[in-house]
Amino acid sequence: MDRATPQVIIVGAGITGLSLAWRLAEHNVSFTILEQSNRPGGQIHTLHENGYTFESGPNTGSISNPEVAELFDFASPYASLEEAASAAHCRLICKKGKLHVLPNGLLSGLSTPLFSFSDKLRVACEPFRAKGNNPLESVGALAQRRLGKSIVDYAVDPFVGGIYASDPYFLTAQYALPKLYNLEQEYGSFIRGALAKAKIKKSERERRATKAVFSSKGGLHNLVEALAHKLSQQGSLCYSTTIESVRYTAEGNWQISYHEADKESQIVEAPFYVTTVRGDLLRDVLPPVLYDHLAPIEQLLYAPIWEIAVGFDHYKGDGRRAFGALIPTKEKRDLLGVLFPSDCFSDRVPYKDSRLFTLFMGGLRDGNRFISLSEEELQQKGLKDLYALLRIPHSLEPSMVHLSYFPKAIPQYGIDSEERLKAIMRLESDYPGLYLAGGIRDGIGMAHRIKQGSDLALEIIQKLQR
Ligand SMILES: Cc1cc2nc3c(=O)[nH]c(=O)nc-3n(C[C@H](O)[C@H](O)[C@H](O)COP(=O)(O)OP(=O)(O)OC[C@H]3O[C@@H](n4cnc5c(N)ncnc54)[C@H](O)[C@@H]3O)c2cc1C
């Protein structure tokens, strides 16, 4: 039987596994990636239909750390980073059936009809409000205490619904939005903290984290294809793999037996073993001796999402260009939000007057309500809200509709997060060389995953150099 002996084995060729491999490759550390599906990217998947290019999975990320820009440097020239057009600065929120621009400055904040007058005054007093002391406070409770209920209802709730497919009173601030939580903990106030942070001088590398909205030219799949192409020249990427057994050897190595499609079994052995799979899939990729310790990780809740791409060849309706629109729970609609990808990125639609929308439904808010509906019923619900919000004439039929369903889309960092993180740390310390990565910790977005992969690689490289 063949036996490969790289320095690191990675399970999963999603953006976490690929980012980890990128940083390892940069330091000439050998790796093998074992991927169950027949393509790289995991949740990242770009589709093409009737002249439309759309995402089935994540649509955009934020360049919130320099690692995102550096990953694109590595992927060049096979993929290139595309920053969203200026339309992405405009974000719409639905109130009483109408779309309003989310304020992004003092004047627009004062005049917006989204928030109550008393909460506008409350925001002005935020720097002087006492600091909270509950480490398990929810995002909703934290924001309500510091900013007011109308701001939770018409800013925080739609934001949390749109990004986490969640409920602000479910997510624990310390784990779900650690930057926001730490502003209060470190500076006593969001506003004072943000002002103080803005004054900190940034290195040239840190300045690459522009916070701009990004995609990859031609769709995110181009990024993962480019990474896989470059990485396959420096390491081993195996697709359509089934892991048969995982063993921690007496010598302290990780020995994995697997086969690719209908080929013969192979063995790969390495001192470092990194998993990037969901919490509920860990048993498939860990030795049975660890199963008793997995419960707090396996119990991580994931919100379901239905994502519907809708294209209009010759669009008529609300002509505002924007990043998208978010729908607060209070509005009692079927949509969580709508993205406007063709306003932000080039070459996504067939004609100049075409428009592409991506609708999101479900989440913690409506997952149970929608689970028994047929695809047609879900599409009808989504389109009904889209037509009403954007005042699209009913005579205009969509030219393309594509529905994707993700039963376990977004991990929910709730009150059980501390137990989960403790369980991960315990396993990693009891079994040297093991790392449990992916969305079970460190944030849910692509930028989090890229940074996590890169940080883990640097940690492994340091250990190899000792
Ligand atoms: C509908 C949706 C919309 C989203 N929108 C956004 C967004 O707009 N912006 C954003 O930043 N993020 C978004 N996200 C989150 C983002 O997609 C994820 O954070 C990221 O893609 C996860 O990458 P990952 O590599 O950690 O996991 P995955 O992409 O899940 O990769 C894990 C890989 O492991 C493989 N695997 C599983 N089991 C095994 C096994 N037994 N053996 C071998 N391989 C295995 C899987 O096939 C998969 O390829 C969205 C997610 C979804 C589902």
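1. Considering the nonpolar core
Formed by 67 residues in total, the largest nonpolar core has its most connected members in Ile-243, Tyr-273, Leu-286, Ile-297, Leu-434 and Leu-436. A total of seven residues in this core trace back to one element, the largest contributor, which is helix H6 (residues 149–164). When near neighbours in sequence (up to four residues on either side) are disregarded, Leu-286 contacts Val-246, Tyr-273, Thr-275, Tyr-291, Leu-294, Leu-434 and Leu-436. Core analysis: the next-biggest nonpolar cluster, separate from the first, contains 42 residues, Ala-25, Ile-33, Ala-212 and Tyr-435 among them.

2. A closer look at the domain arrangement of the chain
The assigned domain composition of the chain is domain 1 (3–44 + 62–82 + 215–299 + 413–465), domain 2 (115–199) and domain 3 (302–411). Its C-alpha centre places domain 2 at a distance of 28 Å from the equivalent point of domain 3. Taken together, the contact between domain 2 and domain 3 spans 13 residues of the former and 14 residues of the latter. Carbon and sulfur atoms supply 63% of the area that domain 2 and domain 3 bury against each other, a total of about 980 Å² over both sides. Per-residue buried area on domain 2 facing domain 3 is highest for Tyr-154, Pro-158 and Ala-165; these three make up 43% of the total on that side. Connecting domain 2 to domain 3 are two salt bridges. Across the pair Asp-157 and Arg-365 runs a salt bridge, and its minimum N-O distance is 3.5 Å. Here the side of domain 2 that touches domain 3 is composed, by residue class, of seven nonpolar, three polar and three charged.

3. Notes on the site of the ligand
Taken together, 28 residues lie around the ligand, and Thr-16, Glu-35, Thr-60, Ile-444 and Met-446 are the ones closest in. At 2.6 Å, a side-chain N or O of Glu-35 approaches an oxygen atom of the ligand. In isolation the ligand has 1000 Å² of accessible area, and contact with the protein removes 87% of it. Taken together, the elements giving at least two residues each to the shell around the ligand come down to helix H1 (15–26), strand E20 (400–411) and helix H16 (446–465). Top element by residues in the shell around the ligand is E20. It accounts for three residues. Among the residues making up the shell around the ligand, the classes are represented as 11 nonpolar, 13 polar and four charged. Inspection of the shell around the ligand shows a minimum of three residues originating in each of domain 1 (3–44 + 62–82 + 215–299 + 413–465) and domain 3 (302–411).

4. Topic: unusual backbone geometry
Between Ser-76 and the following residue, Pro-77, the backbone shows a cis peptide bond with an omega angle of 5 degrees. Tracing the chain through its elements places Pro-77 in the loop between helix H2 (66–75) and strand E7 (81–83). Positive phi, close to 50 degrees, is recorded for Arg-391, a residue that is not glycine.

5. Description of the packing of aromatic side chains
If you walk through the whole model with that rule in mind, you get 13 aromatic pairs. Between Tyr-248 and Trp-254 the ring centres are 4.6 Å apart and the planes differ by 40 degrees, which places this aromatic pair in the tilted class. Taking relative accessible area as the criterion, Tyr-248 reaches 27% and is therefore assigned partly exposed. Where Phe-312 meets Phe-357, the ring centres are 6.1 Å apart and the plane angle is 70 degrees; that geometry is what we call edge-to-face. Placement of the pair is Phe-312 in strand E16 (residues 302–312) and Phe-357 in strand E19 (residues 355–362), with a sequence separation of 45 residues. Summarising the burial analysis for this pair, Phe-312 and Phe-357 share the class buried. Among the aromatic residues, those joined into a ring-pair cluster are Phe-312, Tyr-315, Phe-340, Phe-357 and Tyr-387.

What counts and what doesn't
- Residues numbered from 1 in each chain as written.
- Predicted model: local features only at pLDDT ≥ 70, side-chain atom pairs only at ≥ 80, totals over all residues.
- Heavy atoms only, no water.
- Core = buried A, V, L, I, M, F, W, Y, C linked by side-chain atoms within 4.5 Å.
- Buried < 20%, exposed > 50% of the residue type's maximum accessible area, 1.4 Å probe, protein only.
- Helix = DSSP H or I, 4+ residues; strand = E, 2+ residues; numbered from the N terminus.
- Contact = heavy atoms within 4.5 Å.
- Domains from an automatic or database assignment.
- Buried area = accessible area lost by both parts, 1.4 Å probe.
- Salt bridge = Lys/Arg side-chain N within 4 Å of Asp/Glu carboxyl O.
- Nonpolar A, V, L, I, M, F, W, Y, C, P; charged D, E, K, R; others polar.
- Near = heavy atom within 4 Å.
- Polar contact = N/O pair within 3.5 Å; in protein donor to acceptor, adjacent residues only side chain to side chain.
- Areas by Shrake-Rupley, 256 points an atom, 1.4 Å probe, with all protein chains shown as cover.
- Phe/Tyr/Trp six-rings, centres within 6.5 Å; stacked < 30°, edge-to-face > 60°.

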